[in-house]
Amino acid sequence: MQNYENMFNLIGHVALISGGTGALGNAIAESFLQNGADVVICGGHPESTSTLETVAKQYGQKFLAIRCNILIQSDIDIMLDQIEATLGLIDILVNSAGMNKLLPAEDYDEDTFDKVMGLNVKGTHLVTKAVGKRMMIPHQSGHIINISSVKGTLGTQQDYLAYCTSKGAINMYTKQIACEWAKYGITANAIAPTFVRTPINSFQLDDPEFYSKLVNRIPLGRIGTVKDIAATAIFLASDASAFITGQILGVDGGLTAIQ
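Residues numbered from 1 in each chain as written. Predicted model: local features only at pLDDT ≥ 70, side-chain atom pairs only at ≥ 80, totals over all residues. Heavy atoms only, no water.

### Concerning the overall build of the protein chain
The condition is simple: What counts as a helix is a DSSP run of H or I of at least four residues, what counts as a strand is a run of E of at least two, and both are numbered from the N terminus. Atoms considered for the radius of gyration are the C-alpha atoms alone. The globule rule reads 2.2 Å times the number of residues to the power 0.38. For every residue, the accessible area (1.4 Å probe, protein chains only) is compared with the maximum for its type, and the residue is labelled buried under 20%, exposed over 50%, or partly exposed between those bounds. Shrake-Rupley sampling with a 1.4 Å probe provides the accessible areas, and residues are treated as covered by the protein chains on show and by no other component. The charge count treats Lys and Arg as positive and Asp and Glu as negative. His and the chain ends do not count. Lys charges are placed at NZ, Arg charges at CZ, Asp charges at CG and Glu charges at CD.
Broken down by element type, the protein chain carries nine helices and seven strands. For 259 residues, the compact-globule formula gives about 18 Å, and the C-alpha radius of gyration of the protein chain, at 18 Å, lands near that figure. Taken along its principal axes, the extent of the C-alpha atoms in the protein chain is 50 × 45 × 40 Å. Every one of the 259 residues in the protein chain was classed for burial, and the buried ones make up 49%. In the form shown here, the protein chain has an accessible surface area of approximately 12700 Å², with 54% of it arising from carbon and sulfur atoms. Looking at the protein chain, you have 18 positive and 24 negative side-chain charges, and the mean spots of the two groups are 2 Å apart.

Okay, structure coming up:
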């Protein structure tokens with residue numbers, strides 16, 4: 001008889017969530033703590049994590065919030081030193097740091113393009129490489145979860161040139177890491193949401209015309225929630241997804257199915 005109990009718990013795992021101070025990263029961190037993982041978040045505002053500290057205490061888990069610029073390798077190395085000294089080895093990595101800048105393609109200047117591509121793609125690589133080489137590869141195990149977007153496969157009429165490009169790159173980065181590191185027992189997958197309300201995009205979703213057009217394209221008739229994303233992350237970080245790697249999992253209410 002197979003044992004299917006507790007397939008989704010994260011007891012005994014240590015997770016690093018880059019961009020963990022953002023709305024999606026914060027929700028994923030909270031869900032991991034509630035399911036038994038010790039959690040580290042890194043970002044530009046680690047001081048804004050009192051809620052997660054409370055959750056960690058409530059569930060008896062360890063929690064760290066670290067300021068780190070993921071575009072600077074030395075910052076990442078210092079962060080990993082601190083994590084290893086206090087929590088041990090990372091075996092779950094969630095790359096959720098990201099940004100967007102809305103500009104028409106013809107006005108997308110070099111500096112802005114580089115900033116979006118830098119954080120969304122280069123930052124993902126620098127953290128993944130460091131954690132993989134130092135912690136996951138030597139111990140022959142690990143789960144990597146990248147936050148992509150439906151815009152990694154779907155174009156839009158304006159303003160998303162760098163963002164769409166970066167998320168398309170994340171999709172292929174995920175597949176390539178999955179292929180190269182499978183021999184080390186490491187899985188790599190990406191979550192590709194449609195719109196999820198966050199402070200960054202609320203100005204768009206608060207526009208009745210924009211919101212109506214968006215929801216009318218989604219078969220389930222609503223936008224995503226942070227809970228939708230966190231639940232998917234739990235699955236991809238758990239033993240339940242042990243035979244899943246190199247996949248871009250759409251969490252989009254059916255949006256990409258109907259295009």
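### As for the sheet that holds strand S4 (residues 92-95)
Our working definition: In this description, strands pair whenever DSSP reports at least two bridges between them. Between N-to-C directions, angles span 0 to 180 degrees; the directions come from axes that are lines fitted to C-alpha atoms, helices contributing only their stretch in contact. In this analysis, two residues are considered to be in contact whenever any of their non-hydrogen atoms come within 4.5 Å of each other.
The seven strands are arranged S3-S2-S1-S4-S5-S6-S7 in an open sheet whose pairing can be described as parallel. The outermost strands of the open sheet, each flanked by one partner alone, are strand S3 (63-67) and strand S7 (248-251). For this sheet, the mean inter-axis angle between neighbouring strands, taken without regard to orientation, is 20 degrees. Of the strand pairs in this sheet, strand S5 (residues 142-147) and strand S6 (residues 186-193) are connected by six bridges, and their pairing is parallel. What sits directly across from Gly 142, in S6, is Ile 186. Packing against the sheet, helix H3 (residues 73-86) makes contact with strand S1 (14-18), strand S2 (38-43) and S3, and its axis sits at approximately 165 degrees to S3.

### Points about the environment of His 45
Following the sequence through the fold, His 45 ends up in the loop between S2 and helix H2 (50-59). Residues His 45 and Ala 65, 20 residues apart in the sequence, show an inter-C-alpha distance of 8.8 Å. Dropping the residues within four chain positions of it, His 45 is found in contact with Thr 21 and Arg 67.

### Considering the environment of Gly 123
Counting through the fold element by element, Gly 123 comes out in helix H4 (residues 110-139). The spatial distance from the C-alpha of Gly 123 to the C-alpha of Ser 18 is 9.2 Å, given a sequence separation of 105 residues. In this structure, Gly 123 is in contact with Ile 70, Leu 71 and Gly 118, ignoring residues within four places of it in sequence.

### Details of the nonpolar core
Applicable threshold: Throughout this description, the term nonpolar core refers to a set of buried Ala, Val, Leu, Ile, Met, Phe, Trp, Tyr and Cys residues connected via side-chain atoms within 4.5 Å.
In terms of nonpolar packing, the biggest core is built from 30 residues, with Leu 16, Ile 76, Met 79, Leu 80, Ile 83, Ile 90 and Val 131 touching the most fellow members. Mapped by element, the contributors of at least two residues to this core are S1, S2, S3, H3, H4, helix H5 (161-181) and S6. Looking at this core element by element, the count peaks at seven residues for H4. Leave out the neighbours within four places in its chain, and Ile 90 touches Val 14, Leu 16, Leu 80, Ile 83, Val 131, Met 135 and Met 136. Membership of the second largest hydrophobic core comes to 29 residues, among which are Ile 28, Ile 147, Ala 230 and Val 251.

### Looking at the pattern of salt bridges
As a reminder of what qualifies: Here, a salt bridge means any Lys or Arg side-chain nitrogen found within 4 Å of an Asp or Glu carboxyl oxygen.
The final tally for this structure, using the stated rule, is six salt bridges. When the shortest N-O distance is used, the salt bridge between Arg 222 and Asp 228 registers 2.9 Å. On the basis of relative accessibility, which here comes to 23%, the residue Asp 228 falls in the partly exposed class. Residues joined in a network through salt bridges with shared partners are Asp 81, Glu 84 and Arg 134.

### Quick look at the packing of aromatic side chains
Note the following rule: Here a pair means two rings of Phe, Tyr or Trp (six-membered ring of Trp) with centres within 6.5 Å. Their orientation is stacked below 30 degrees between planes, edge-to-face above 60, and tilted elsewhere.
For the structure on display, the rule yields four aromatic pairs. Consider the rings of Phe 8 and Phe 235, whose centres lie 6.3 Å apart with planes at 45 degrees: the pair is tilted. Of this pair, Phe 8 sits in the segment before S1 while Phe 235 sits in helix H8 (residues 226-237); the two residues are 227 residues apart in sequence, bridging distant segments of the chain. Between Tyr 160 and Tyr 163, the ring centres sit 6.0 Å apart and the planes meet at 70 degrees, which makes this aromatic pair edge-to-face. The same class applies to Tyr 160 as to Tyr 163, namely buried.

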